[in-house]
Each structure stands twice: as structure tokens, then as C-alpha cells.
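Commentary on secondary and tertiary structure
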Amino acid sequence: MLRSVKGVICQGPKLDSGYFLHASARAWLSAAVNQDAQIPAEKPRAVFRTNESNPANHAEQHEGQHYSIPLQEVKVVFPHGLPYRFQMQMKTFNESCLMVRKPALELLGYLKSTNLAHPAIRYVIYGEKGTGKTMTLCHAIHYCAKQDWLVLHIPDAHVWVKNCRELMQSSYNKERFDQPLEASTWLKNFKTSNDHFLKEIKTQQTYMWSKRESTEKGRPLGEVVEQGLTRVKNASDAVGVVLKELKQQCPLGAFRLLVAVDGINALWGQTTLRKKDKSAVSPEELTLVHNLRKMVVNDWNGGAIVTTLSQTGSLFKPRSAYLPHELLGKEGFDTLDPFIPIRVSNYSQREFESCYQYYLDRKWLQHDRARTEEGRKELLFLSNSNPWQLERISAYL
Amino acid sequence: MAAAVRRVLRASRGWSAALRAPEAPRAQTLRLICTTTAVQKRNIAASGPEKYTEAFIKNQIEEFNLGKRHLANMMGEDPETFTQEDVDKAIAYLFPSGLFEKRARPIMKHPTEIFPKQRAIQWGEDHRPFHFLFYTGKQSFYSLMHDIYGKLLDIQKYQDHLRGQGLLAENRKQINLIGSRWLIKEELEEMLVEKLSDHDYSMCIQLLERLVTLPCCGIEEEYVLKFRKELAIQLKKVVIEPLQYDDQGVAFSTGEGKRKTSRASAVVYDNGSGKITVNGVDYLCYFPVMQDREQLMFPFQFLDRLGKHDMVCTVSGGGRSSQAGAIRLASARALCSFITENEVEFMRQAGLLTADPRIRERKKPGQEGARRKFTWKKR
């Protein structure tokens, strides 16, 4: 019943999509105040913003609106993982605002209703280039972090399969290769985001790093991470240990685990790395990839796996490919199957309007013509409501 | 004395005749008698302008007419009704040429069109010039000014006459100058067979303008129109197709466009939302470069119809920039059906409806590219 009431109230602004703001801004502002059911601060907040900063409370009425994350939280929750351009925007605007969009709301709905006893469900966010897949993932991560889940966030799996300067033979398994630099970077960021968990979770077996160094059973996981950071040679193995421990302990129910991987198609694609004899390295010969693949399989319960496909960083894939079966390949698709696909597309009229107003408000669009109606139509046409394109164009103005 | 003068004259005439027919011995002996160096000099100057004599030109004309009749016979046409167009066609048929430059192909035209107009010798046997203004240096020009001024005075006299009779008000005859322009300097030079300076030309035109402002200049209309050239009327070749309606009743219109080697055809639908599909792909994916999308946007933005039409187009050939240009032309042509005549005119003036004629320039032998020459080495 509440939903239908909300739906009725929502009818008004959705009528003339795109033009309602210009027609009756004041009326809409007052309506927005009533709708939000929250008394705004001294000055009325604009229509494209919402005060609700907890993703748990985001609902359909917030669709198209921006919510801001305090910068302190951003440093903790997203040490890595936000797109580079978004980070630059954060620095410029001195605030980080995410738009609430339908795919994210859908995903949050599923996450809210996860049954922790069942095996972890895999969600694959896909869509064309620049439509907001990574941002949707970040929204989900923020929600989980607020809900006190353990977030295992791999910002870009493609980084692990290309441009590696040091490729060492793994000490654990002669056939595999280690990537110390990438592993240590990841461990550092992982520590920043999940510090409190690392103290609580204990190892369940002893790990021998070398003749003299080892981690006993029952030591906090933080020690393993420290070991990986100090002895960079063992970093990849440390990562493997962390993943294994988390997977083993999550079904016990002490914590809920979210595995968030951006660009999961890297795990089953090709690499640009070469062995000493110039033959190509396949992804399963990399320790990090091998361990991550085990993580993504749904033989554990007590959490969820959210992944994105990404063509941008992918290797040997055409630019027009965006569907799961194109980017994952047969092997990847079979491994991930069954999964819940979540499609992200370009901005709708309302979302575009919201983004446009946000840029205007932040004085990002400096050109005089950008403020006019024709300028808005021009932006709409040139970007075709693609978020990435719109952001790039606005940067020039 | 007179006999000596006559002998001198005969010598000079004979000398110039000797240039053409060296076998006349009588002329030679005559020349030796008198001092002819000055005469020689003047004769050289005289023969300068006249490269083709009148007799020569007449000869050429007779040959041309005979040749025309022969040609008509060859082609099986009637020699009496053989026009210049038929001559051109026959020559193009008998002498096919693959040369790109039209002026280098074989032609058969009337000698007056081929040989440049030139001045006949301006003085007579007694070396006195025919024209009274010869010694001004620009005799034709000054005589023309003199004539025009004479006509002006005539018109004024006529006006006074009418004014005296009191009939001036009714008898105003003006020359209709609409649709024509004054001859340009080059055309006037061609008419007078004489070089003019810019100042001279402007003087002439001012005088003509002054003549035209008089109320009764209609009496000299024929003379003045000799100096006017008709402006080519711009043929409105643009035929605007009417709108077509598809199954759902949505109006649509098609247009074709080309640029360099690209060919595009666009279908513009009414009641749309600004969606554009190129070769089955969204235009954002097909044209990642913003410049191309701006080209697509141009016709719609110009008519202020950005979010109102949908478009489906196909394009082939060329590169990304030329494909964008071809689609732009096609969409502009398709949009003509949706808009008023005035807007079509605005589009035409903005250059949206004109096909870009530029094509790739051919590479020439002896050069590395169309314009680039090989590296010049001093030694």
C-alpha cells in the first residue's frame, strides 16, 4: 500500500520527462520536500540530490538523485575501486556523489534478501561501454560495507593479466607464476578497508612461508596480510591464503562475505604476459587468478558474489562486445553459470536531467550556452545519454 | 618630288608585300632607292598587332564552311541544316579523346571564335591614322566615352524638348536593369580590343549609370543594353519530395547523400526521440569521435528539431569523416520534406544541401604525391 501511495506521488514529475524542471521548478521543489518526508536543512536541497546517505534506505523515490558519501568513509570503503575519472571529479568537487539508479536498486534489493544458508549467488553486471557498471558495483560495496559485511574487492582483474613487470615462478607450485607487486598493492588496500575483520578472523591451519617464517594456527588473519606486505616475495601466496581462509570460514556465519570483482572476464580471457621462452601465459598459470577463480565458484554460502564485465581493459576483445557470452567465453560462462544478469544502460531522461543539473550546480559546465535549453539538447544528442561520454564532454566545457 | 614620294610609297607597300611573297623582284629594286629604315621600323610596329590578316581570316572562314559541309556529308546529314552542335557531336564521335581538359580536345569552331580578335592596322597608306583619337593612345575607349556622352546630350535635348511641350511627365521611359549587370572590365576590354585601366573602367561605368538615371533614357535603350549582361537565373532544381506515411501513420522521408566516396541514404521519422541508427548500430558506437556526431547533429540543430526525429540510415564507402558528411547531406535532404520553403532556403544558404565537390586529387608523375615534389637535391 505504501508503495502504491509512493507511486501516486511519483506520477507528477514523471509526466513531461526532461521538461518538468523548467516548467515548474518551485512546485516540484515543494513536492520533493513533501515526498522525502525529511525536513531539509536551512536551504532547500536541489531535486537531483537526496539527503539519504545510507544505501540501505535507498528506494525507487530516490531514483535519479545523487547521494553523497563523506570523504572519510570513501577513504576506508574505497581505497581502490572507484574509476579514475570519478576520483578526479571527487577531488575537484570536494565531495563524492553517486547517482542512485535502477540496476543498483535492483541489486541492493537482491542483496537485502540474500539467504545466507544458500550457496552464494553470482550477479553479473553487464552493459555497453561507459554505462555505469563499476559505479553500480561501488554502490553495492558501499551498502555492504555499511551493513558490516567483509568486502573482498578486486578493483580490476585485468590489471592482474597484463603489464606485469615482475613475473616470478611460484614457490608453492612450480608451474604457476607469482605477481608480487600486484598482490602487495591489493593486500595493502584490503587491509585499509577491512582492518577490524582481520583482527577477528583466525587462521585455521599453519602456513610455512619459508624455513624460518610461518604463521601458526589461530593467529589473526592480519598477520598473514602483514607477512604478505613485508615479504613481497610471498605476497601472492598470502593472497591465496586469505581467500582460502575466508571461503572456509564464511559458511560458519561469523561474518558475511561480499566478493566484488570488476572485470571478471579477465579471469577466462587471454593474458599479454610471456614466459622466458616467449610462449604465452594462460590465466590459470597465474596464482592470483587461480585463487580468485576458486573464490568465484558458488560452493560456499554466507555471502554474495557481485561481478562486472568490462570490455575497456579486456584483451583481444572487440570494442562492440558487451554481452556475457561474448566477453566471458565458453569456459567463463560455464563456470559462472548460473548467474543473475543485471543490465546497465544509458541514462534515462530523468537521470540525464539529474546529472546535468548536478554539473550545473557544481559549476562544472562553464560555457554560457550549456545553461540554455539548446545547449542541453546538444549535450543530450552528443552524448546520447551515455554517462561516460557525458562526463567527458562536460569536462571540456 | 611627287613621283619620288609615290616611289617611296610603292616601296613600303611592296616591302611589306615582300614579307609574304619574297619572289617579287620589282619590290626589291624599288626598296633600294629610298631610305626606308624609318619606314621599316614603323612597319614592324604595324605588323605587331596583326598576326592574322583579314584575308587569312576570310580564307579560314571559307575553309570552315566547306569543312562543315564535308562533315555533314560524312555523317549522312543534310549540309544545309547542319548546326554547330551537330558539328561538335560529329567531331566528338570521329575523334574520341580521353583527355580530362575539355579545352585540349579536338574542336571545330568558327574562326572568329578560335582566332583572337585583333586590331587592324590603324593607319593608311599615307601613314595617317584613320581614327581621330589615335594619338590619345586608347582610341576605342575615348571614342566610346565620347559616344556615350553624345547620347547623354541627345537625351537631355529630347527631355528639354518634351519639357518645352509640357509632355515630360507622361513620357518617362526607363530602362529595365533588373536581371542584368554591367560588363566587367575584362568583358569591356574584349569588346573594345584594347587594354583598360581600372580607373578608365570605373569612369565608363559611372557615365553609363549617369545616363541611366535620366528620365527619358529609354530612347537609347538598345545602345545601353549592349553594355549589360543577363544574370543567369538560378534554376530551382531542388524538388522537395512529399511526406510518406508508414503502417503506424508515422510520417517519414528519405534522402540520399554523398561525400568523397561515401554513399549514404537516410530515413527520417517524425514523432521521434532523437534516436539515430547507422547500419544497424547506435550512432554513439558507430561514430566514437565527437566531430562525426557533431556533423550528424548539424541539420537537426539548425532547424531546432534535435529531439523530435528518429533516423535510420545506411552508409558505405569512404572513411569515418566522409561517411559522417554523407549522412549529414542525406538527413538534410530528408528533412526538407518536413519544413517550410523559407527554412529550405536557409538550409541551402547554410550549405547543408550542397554536395561537397572535393575529391582526392590525382598523383602526378614526377611528383611524390598530388602536390608534394621529390626532395630537391642541390647536387
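This one's a predicted model, so the numbers in the text were calculated from it and none came from an experiment.

**Section: the environment of Gly 81 of chain A**
Residues and elements named next belong to chain A. Here Gly 81 lies in the loop between helix H4 (71–77) and helix H5 (84–93). On a C-alpha basis, the gap between Gly 81 and Ala 260 in space is 9.9 Å, while along the polypeptide they are 179 residues apart. For Gly 81, the residues in contact, after removing those within four places along its chain, are Thr 134, Cys 138, His 153 and Pro 155.

**Here's the deal with the interface of chain A and chain B**
Between chain A and chain B, the contact holds 14 residues from the first and 14 residues from the second. Of the roughly 1300 Å² buried between chain A and chain B, counting both surfaces, carbon and sulfur atoms make up 60%. It is Phe 381, Leu 382 and Asn 384 of chain A that lose the most area in chain A upon contact with chain B, and together they represent 50% of the buried surface on that side. Applying the counting rule to chain A against chain B returns zero salt bridges. For the interface between chain A and chain B, the tally reads five residue pairs in polar contact (both at pLDDT 80 or more). Here the side of chain A that touches chain B gets seven residues from one element, more than from any other, and that element is helix H15 (residues 373–383) of chain A. Taken together, the residues that form the side of chain A that touches chain B break down as five nonpolar, four polar and five charged.

**Some words on the packing of helix H7 (residues 139–165) of chain B against helix H9 (residues 198–213) of chain B**
A packed helix pair is summarised by two numbers, namely the angle formed by the two axes and the spacing between the axes. Residue and element names in this part refer to chain B. Where H7 meets H9, the closest approach of the two axes is 10 Å, and the angle between their N-to-C directions is 15°. In terms of orientation, H7 and H9 fall into the roughly parallel class. H7 and H9 meet at a crossing whose hand is left-handed. Across from Phe 141, Leu 144, Met 145, Ile 148, Tyr 149, Lys 151, Leu 152 and Ile 155 in H7, the residues of H9 making contact are Asp 200, Met 203, Cys 204, Leu 207, Leu 208, Arg 210 and Leu 211. Classifying every residue of the contact of H7 with H9 gives twelve nonpolar, no polar and three charged.

**A few points about helix H12 (residues 290–302) of chain B**
Residues and elements named next belong to chain B. Its 13 residues place the ends of H12 18 Å apart at the C-alpha level, agreeing with the 18 Å of an ideal helix rising 1.5 Å per residue. At Leu 296, H12 shows its largest bend, some 35°, and a proline, Pro 299, comes one to four positions later. For H12, the full list of buried residues reads Asp 292, Arg 293, Leu 296, Met 297, Pro 299 and Phe 300. After H12 finishes, the residue Asp 304 shows a positive phi value of roughly 60°.

**A few points about the pattern of salt bridges**
All names here are of chain A. Counted under the stated rule, the structure contains 35 salt bridges over all chains. In this structure, the salt-bridge partner of Arg 49 is Asp 361, at a minimum N-O distance of 3.2 Å. Taken together, the residues Arg 49 in the loop between helix H3 (25–36) and strand S1 (66–69) and Asp 361 in helix H14 (residues 349–361) connect sequence positions 312 residues apart. The class of Arg 49 is buried, set by a relative accessible area of 10%. Given a relative accessible area of 35%, Asp 361 falls into the partly exposed group.

**Section: the packing of aromatic side chains**
Summed over the entire model, instances satisfying the criterion amount to 19 aromatic pairs over all chains. When the centroid spacing of 6.0 Å and the interplanar angle of 10° are considered together, the rings of Tyr 110 of chain A and Tyr 123 of chain A count as stacked. Here Tyr 123 of chain A lies in strand S3 (residues 121–127) and Tyr 110 of chain A lies in helix H6 (residues 102–112), a separation of 13 residues in the sequence. A ring pair is formed by Tyr 286 of chain B and Phe 287 of chain B, whose centres lie 5.0 Å apart and whose planes are at 90°; its orientation type is edge-to-face.

**Focus: the pairing of strand S10 (residues 303–308) of chain A**
All names here are of chain A. Within S10, six of the six residues are buried, which leaves it mostly tucked inside the rest of the structure. Burial along S10 is two-sided: the residues Gly 303, Ile 305 and Thr 307 and Ala 304, Val 306 and Thr 308 are all buried. Pairing geometry for S3 and S10, over five bridges, is parallel. Paired with Arg 122 across the two strands is Ile 305, which belongs to S10. Looking at chain direction, strand S9 (residues 257–262) and S10 are connected through six bridges and run parallel. Considered in S10, the bridge of Asp 262 is made with Thr 308.

**A short note on the side chain of Gln 89 of chain A**
Residue and element names in this part refer to chain A. Looking at where Gln 89 falls in the secondary structure, it is placed in helix H5. For Gln 89, a relative accessible area of 11% puts it in the buried group. The contacts of Gln 89, once residues within four sequence positions are left out, are Asn 94, Tyr 358, Tyr 359 and Glu 391.

**Examining the sheet that holds strand S8 (residues 310–316) of chain B**
Residues and elements named next belong to chain B. Pairing in this open sheet of six strands is mixed, and the strands run S3-S4-S5-S8-S6-S7 from one edge to the other. Across the chains shown, the open sheet's two edge strands, defined by having one partner strand only, are strand S3 (244–245) and strand S7 (281–282). Taken together, the three bridges between strand S6 (residues 276–278) and S8 define a ladder with parallel strand orientation. Within S8, the position partnered with Val 278 by the bridge is Cys 313.

**Some remarks on the nonpolar core**
One finds Leu 152, Leu 246, Leu 257 and Ile 264 of chain A to be the most contacted residues of the largest nonpolar core, which totals 57 residues. The element best represented in this core is helix H11 (residues 235–249) of chain A, accounting for seven residues. Residues in contact with Ile 264 of chain A, not counting those within four places in the same chain, are Val 296, Thr 307, Thr 308, Leu 309, Leu 328 and Leu 336 of chain A. Core analysis: the second largest hydrophobic core is formed by 49 residues, Tyr 347 and Ile 393 of chain A together with Cys 313 and Ala 330 of chain B among them.

**Remarks on unusual backbone geometry**
Glycine aside, a negative phi is what most residues show, and trans is what most peptide bonds show. Residue and element names in this part refer to chain A. Omega for the peptide link from Asp 337 to Pro 338 comes to -5°, which places this bond in the cis form. Its place among the elements puts Pro 338 in the loop between helix H13 (324–336) and strand S11 (340–344). Backbone geometry places Lys 278, a non-glycine residue, at a positive phi of 65°. You can call Lys 278 exposed: its relative accessible area is 66%. Of note, Lys 363 is a non-glycine position whose phi angle comes to about 60°, a positive value. Of note, Lys 363 is situated in the loop between H14 and H15.

The rules behind each value
- Residues numbered from 1 in each chain as written.
- Chains lettered and ligands numbered in written order.
- Predicted model: local features only at pLDDT ≥ 70, side-chain atom pairs only at ≥ 80, totals over all residues.
- Heavy atoms only, no water.
- Helix = DSSP H or I, 4+ residues; strand = E, 2+ residues; numbered from the N terminus.
- Contact = heavy atoms within 4.5 Å.
- Buried area = accessible area lost by both parts, 1.4 Å probe.
- Salt bridge = Lys/Arg side-chain N within 4 Å of Asp/Glu carboxyl O.
- Polar contact = N/O pair within 3.5 Å; in protein donor to acceptor, adjacent residues only side chain to side chain.
- Nonpolar A, V, L, I, M, F, W, Y, C, P; charged D, E, K, R; others polar.
- Axes fitted to C-alpha atoms, helices over the stretch in contact; angles between N-to-C directions.
- Parallel < 35°, antiparallel > 145°, perpendicular 65-115°, else oblique.
- Left-handed = near helix turned anticlockwise from the far one by under 90°.
- Expected span 1.5 Å × (residues − 1).
- Bend = angle between axes of the 7 residues up to and from the residue.
- Buried < 20%, exposed > 50% of the residue type's maximum accessible area, 1.4 Å probe, protein only.
- Phe/Tyr/Trp six-rings, centres within 6.5 Å; stacked < 30°, edge-to-face > 60°.
- Pairing = 2+ DSSP bridges.
- Core = buried A, V, L, I, M, F, W, Y, C linked by side-chain atoms within 4.5 Å.

In short, the description is geometric, and any link to function would need to be established separately.
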